[in-house]
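Letter by letter, the chains look like this.
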Amino acid sequence: MQRHTQLSWKKRAFVLDWAMQLASEIKCTRETYALSVSLLDRFLAVSESLPTEKLQLTAAACLLIAEKLEFNTRIFVSAIYDPIS
């Protein structure tokens, strides 16, 4: 998180709470959610700087990728877009 001047641990926690609610709405398992958190943290560790307004989008993308890796299912962006809007 040191690389990301706009992000804080509090913002990360807020986005992860939101992602947990989203995972519940689209019926993801706990393991899938945990994998998405791991993917998000790994991305933040190697990326240079992520604007705050992109953090929620990045978390949603990590959840989609985790779902795909865990179950190799066809999940559509609309499944995540509807709860966001």
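Engineer: I keep staring at the overall build of the protein and nothing clicks. Help me out?
Structural biologist: A count of helices and strands for the protein gives 4 helices and 0 strands. Each helix and strand of the protein, placed in order from N terminus to C terminus, yields the pattern α-α-α-α. Looking at the 85 residues of the protein, the share that counts as buried comes to 34%. Taking all contacts inside the protein whose residues are at least 6 apart in sequence as the whole, residues at least 24 apart take part in 70%. For the protein, the computed accessible surface area is about 5,800 Å², with 58% contributed by carbon and sulfur atoms.

Engineer: Explain helix H1 (residues 9-25) here, please?
Structural biologist: Look at H1: 24 Å from first C-alpha to last across 17 residues, which is about the 24 Å you get at 1.5 Å a residue. Taken as a whole, H1 has its buried residues at Arg12, Val15, Leu16, Trp18, Ala19, Leu22 and Ala23. Angularly, the buried residues of H1 cover 165° about the axis, an arc narrow enough to put them on a single face. Facing away from the buried surface of H1 by more than 90 degrees, the exposed residues are Lys10, Phe14, Gln21, Ser24 and Glu25. Two residues or fewer past H1, Lys27 is found with a positive phi of approximately 60°.

Engineer: Got a minute to help me understand the packing of H1 against helix H3 (residues 55-71) in this structure?
Structural biologist: Packing of H1 against H3 leaves a shortest axis separation of 10 Å and a crossing angle of 40°. With respect to H3, the axis of H1 lies oblique. With respect to the hand of their crossing, H1 and H3 are arranged in right-handed fashion. Contacts between H1 and H3 pair Lys11, Arg12, Val15, Trp18, Ala19, Leu22 and Ala23 from the former with Leu55, Gln56, Ala59, Ala60 and Leu63 from the latter. Taken together, the residues of the contact of H1 with H3 break down into 9 nonpolar, 1 polar and 2 charged.

About the thresholds
- Residues numbered from 1 in each chain as written.
- Predicted model: local features only at pLDDT ≥ 70, side-chain atom pairs only at ≥ 80, totals over all residues.
- Heavy atoms only, no water.
- Helix = DSSP H or I, 4+ residues; strand = E, 2+ residues; numbered from the N terminus.
- Buried < 20%, exposed > 50% of the residue type's maximum accessible area, 1.4 Å probe, protein only.
- Contact = heavy atoms within 4.5 Å.
- Areas by Shrake-Rupley, 256 points an atom, 1.4 Å probe, with all protein chains shown as cover.
- Expected span 1.5 Å × (residues − 1).
- Arc of directions from axis to C-beta.
- Axes fitted to C-alpha atoms, helices over the stretch in contact; angles between N-to-C directions.
- Parallel < 35°, antiparallel > 145°, perpendicular 65-115°, else oblique.
- Left-handed = near helix turned anticlockwise from the far one by under 90°.
- Nonpolar A, V, L, I, M, F, W, Y, C, P; charged D, E, K, R; others polar.

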